[in-house]
Amino acid sequence: MFSQSYDVIVVGGGHAGGEAAAAAANMGAKTLLVTMNLQTIGQMSCNPAMGGIAKGQIVREIDALGGYSGIVTDRSSIQFKMLNLSKGPAMWSPRSQNDRALFSQFWREMLESTENLDFYQEMVSSLWIEKNKLRGVKTGLGQKIKGKTVVLTNGTFLNGLIHVGDKNFGGGRAGEKAAKGITEQLVSLGFESGRMKTGTPPRVDGRSLDYSKMIIQPGDKHPQKFSYLKSTSTINNQLPCHMTYTSPLVHDILREGFDRSPMFNGRIKSVGPRYCPSIEDKIDRFSERERHQLFVEPEGWNTVEVYVNGFSTSLPEDVQFKALRSVEGFEKVKFFRPGYAIEYDYFHPTQLKYTLETKIVDNLFFAGQINGTTGYEEAGSQGLMAGINAVLKIKNKDPFILKRDEAYIGVLIDDLITKGTKEPYRMFTSRAEYRMLLRQDNADERLTQKSHRIGLASKERLRLCEEKYSKSKDIISVLKTQSIKPQNINPILTSKESANVKQSNKAAKFLSRPNIYLHDLKKCPELKDVFNTKTYSKEVLDQAEIQIKYSGYIAKERANADKLHRLEGVLIPPKFDYNKLKSISAEAKEKLNKIKPQTISQASRISGVSPNDISVLLVYMGR
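### Observations regarding empty space enclosed by the protein
What the rule picks out here adds up to four cavities of 30 Å³ or more. Lining the largest cavity are Thr73, Asp74, Ser77, Phe80, Ser96, Gln224, Lys225, Ser233, Thr234 and Ile235. Of all the elements in the fold, those that place two or more residues in the lining of the largest cavity are α3 (69-75) and β4 (77-83). Tallied by class, residues from the lining of the largest cavity come to two nonpolar, six polar and two charged.

Here it is in structure tokens:
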């Protein structure tokens, strides 16, 4: 059955595995995706949503490179929001609420329609290694499958252990068995492994909730989408989410179960995600807060199942139930299943090259939670890069590596490779020192041509990208050359409480004002004809506006980046007191005090110390 040799074998069918398999196959490599359950390909194991702060930028980057996540997200969306619109465009982050069942269905359909891609349902028990050379993989039933390269995307399945109160049992996620054998083999080969923890909240019956007691959370009035392709469209009808709060009573009930909580009684020894703590962790760490937000998120169009975002827990199920019934709107709640925590093995990512190939075993790649990350988006981006580089490796071509100023994906991989992580890594805009350059709107400009050059992004993607930026340049040219008379612009300036002018000036000059936008200028007679005779998409108009309005910020950021590079070798005094730095994060303060780096360069490589923290440190050092 497996007499042939595959170019790329991908182990695991989650977000990382799906992107790795799709990328490799679309680059012409004969690819095999091996997973324990073909029915759960692309499953949303935790919240039914894609994107969010910085994560939305990653999904758009995956799409710009030719990946599938953006397309699948658009096709299964039930609600769309652009987050942080009150801030500058560097912070704008798309987020989609999704139909969990459709999301997985569309992932499988897209993968099955991909040429060069085969599937096999079974557990991979070990790597097939002969004479210190990777030959492929071995399955639990004894099959040996030949492969020139192997991409491991095991998620939370490596020796996974599920905790609900004082009960625990093996499993990769609820209802699925753990994967055994791979960790032990890799450790015997010299790899350093660790344990991490993540968790998930209860799923409940939406029919048992009283939404009238909650705050409705609708989607955007004019929703956008993730994929740059025309094959997906924006969502017309949207399902609302809702918001409610915990209370002191809820917190007291939860505390009653602390003695039976695996997080507090020592059963769980691994580290959980700092920025997505369990509800018991929240009320323990932030005991001064009387309430915490809970987001009530529907699981899809045709189901009553609801995800209680913000109530991740591993407390005993009776405590979960009693506490949740004390939340406003949840007085008659019925559980579909309780929340749980899961511990799993990961491998320190400092053991990887920038291609995500391991340093110890040639042609072996790691992607996703096996590298210590958390989140669908982070996993998908790593899978994409691992799949690309696996193909380039067997073709003896230069590796595909994205720099920190080219993509959030570049920031993610650089952080993992150079800093490592001892807690589940999550991407934030604050981790990127070039976030004005790495906006969600220009991922295609940054990445599509690069991807097309290596044979992944299609000609259609490249054509759409070139067309978009050609049109935006046309608009920019008009705005920089077309003058507007005072009598035409002053009424607009007055309405926006902006200073009037006495002389004509270029349209771009007015657009540079903080509260003046392109839709304001389009009312001027001088520009009316330009925008009436030609139809420009919202994406094209937005791009032109951002390029002009924020040109000064972009230039300033580039200058700051150059300055930071020059100062990376600056020495830090041995007894420097980090506690006096009021403007750095608590995480950075904790890590700097513990590690006591000798240089700025060393400090910048510490996990959890952001570029902003380094800038503050330089200021306090008089630099």
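Resuming the write-up.
### Considerations on the pairing of strand β10 (residues 161-164)
Here β10 runs beside strand β19 (residues 340-347); their pairing, made up of three bridges, is antiparallel. Residue pairing for β19: Leu161 is matched across the bridge by Glu343. By the bridge criterion, four bridges tie β10 to strand β11 (residues 167-170) in an arrangement that is antiparallel. Across the sheet, residue Val164 finds its bridge partner in β11, namely Lys167. Linking β10 to β11, which pair antiparallel, is a turn of two residues; within it Gly165 sits at a positive phi near 60°.

### Brief notes about the side chain of Asp7
Within the secondary structure, Asp7 is located in strand β1 (residues 6-11). Asp7 sits in the buried class, given a relative accessible area of 15%. The residues contacting Asp7, other than those within four sequence positions of it, are Ala29, Lys30, Lys148, Thr149 and Ile394.

### Some remarks on the nonpolar core
One finds Val150, Val151, Leu152, Leu186, Leu364, Phe366 and Ile409 to be the most contacted residues of the largest nonpolar core, which totals 103 residues. Excluding its chain neighbours within four sequence positions, the residues that come into contact with Leu364 are Leu127, Leu134, Val150, Leu152, Leu186, Phe191, Leu356, Glu357 and Thr358. Grouped together as the second largest cluster of nonpolar side chains are 23 residues, Ile492, Leu493, Ile516 and Val540 included.

### Focus: the sheet that holds β19
Pairing in this open sheet of four strands is antiparallel, and the strands run β11-β10-β19-β12 from one edge to the other. Only two strands of the sheet have a single neighbouring strand rather than two, namely β11 and β12 (193-200). Pairwise comparison of adjacent strand axes, ignoring direction, gives a mean angle of 25° for this sheet. Summarising the sheet, β12 and β19 pair through eight bridges and their orientation is antiparallel. Of the residues in β19, the one forming a bridge with Gly194 is Tyr346.

### A word on the state of the cysteines
Each disulfide consists of a covalent bond between the sulfur atoms of two cysteine residues. Scanning the entire structure with this criterion turns up zero disulfides. The closest cysteine sulfur to the non-disulfide-bonded Cys46 is located on Cys276, 6.3 Å from its own sulfur.

### Observations regarding the layout of surface pockets
Here the second largest pocket defines a volume of roughly 1200 Å³. Every residue lining the second largest pocket is counted, 43 residues in all, and those nearest its centre are Gln224, Lys538, Glu539, Val540 and Asp542. Contributions of two or more residues to the lining of the second largest pocket are made by α2 (55-65), α11 (443-453), α12 (459-481), α15 (518-521) and α17 (538-549). Looking at which element gives the most residues to the lining of the second largest pocket, the answer is α17, with nine residues. Across the lining of the second largest pocket, the residue classes tally to 15 nonpolar, 10 polar and 18 charged.

### With respect to the pattern of salt bridges
According to the stated counting rule, one finds 38 salt bridges in the structure shown. Where Asp318 meets Arg260, a salt bridge forms, and the shortest distance between an N and an O atom there is 3.1 Å. Of the two residues, Asp318 sits in helix α8 (residues 317-324) while Arg260 sits in the loop between α6 (248-256) and α7 (279-285), which places them 58 residues apart along the sequence. Taking relative accessible area as the criterion, Asp318 reaches 41% and is therefore assigned partly exposed. On the accessibility criterion, Arg260 (30% relative accessible area) is partly exposed. Here Glu305 and Arg337 are joined by a salt bridge, their closest N and O atoms 3.5 Å apart. Here Arg337 lies in strand β18 (residues 335-337) and Glu305 lies in strand β17 (residues 305-309), a separation of 32 residues in the sequence. Assessed through its relative accessible area of 17%, Glu305 is described here as buried. In this structure, a network of salt bridges that share partners links the residues Arg274, Glu423, Glu587, Glu590 and Lys591.

### Digging into the packing of aromatic side chains
Applying the stated rule across the entire model yields 11 aromatic pairs. For the ring pair Phe191 and Phe347, a centre distance of 6.1 Å and an interplane angle of 80° mean the geometry is edge-to-face. Linking Phe191 in the loop between α5 (182-188) and β12 with Phe347 in strand β19, this pair joins segments that are 156 residues apart in sequence. Each of the two residues, Phe191 as well as Phe347, counts as buried. A ring pair is formed by Phe258 and Phe264, whose centres lie 4.4 Å apart and whose planes are at 35°; its orientation type is tilted. Residue class for Phe258 comes out buried when judged on its relative accessible area of 15%. An aromatic cluster of three or more residues is present, and its members are Phe191, Phe347 and Phe366.

What counts and what doesn't
Residues numbered from 1 in each chain as written. Predicted model: local features only at pLDDT ≥ 70, side-chain atom pairs only at ≥ 80, totals over all residues. Heavy atoms only, no water. 1 Å grid on protein atoms, 1.4 Å probe; cavity = no way out; pocket = protein on both sides within 12 Å on 5 of 7 lines; lining within 4 Å. Points joined across faces, edges and corners; volume = space filled by probe spheres on them. Helix = DSSP H or I, 4+ residues; strand = E, 2+ residues; numbered from the N terminus. Nonpolar A, V, L, I, M, F, W, Y, C, P; charged D, E, K, R; others polar. Pairing = 2+ DSSP bridges. Buried < 20%, exposed > 50% of the residue type's maximum accessible area, 1.4 Å probe, protein only. Contact = heavy atoms within 4.5 Å. Core = buried A, V, L, I, M, F, W, Y, C linked by side-chain atoms within 4.5 Å. Axes fitted to C-alpha atoms, helices over the stretch in contact; angles between N-to-C directions. Disulfide = S-S within 2.5 Å. Salt bridge = Lys/Arg side-chain N within 4 Å of Asp/Glu carboxyl O. Phe/Tyr/Trp six-rings, centres within 6.5 Å; stacked < 30°, edge-to-face > 60°.

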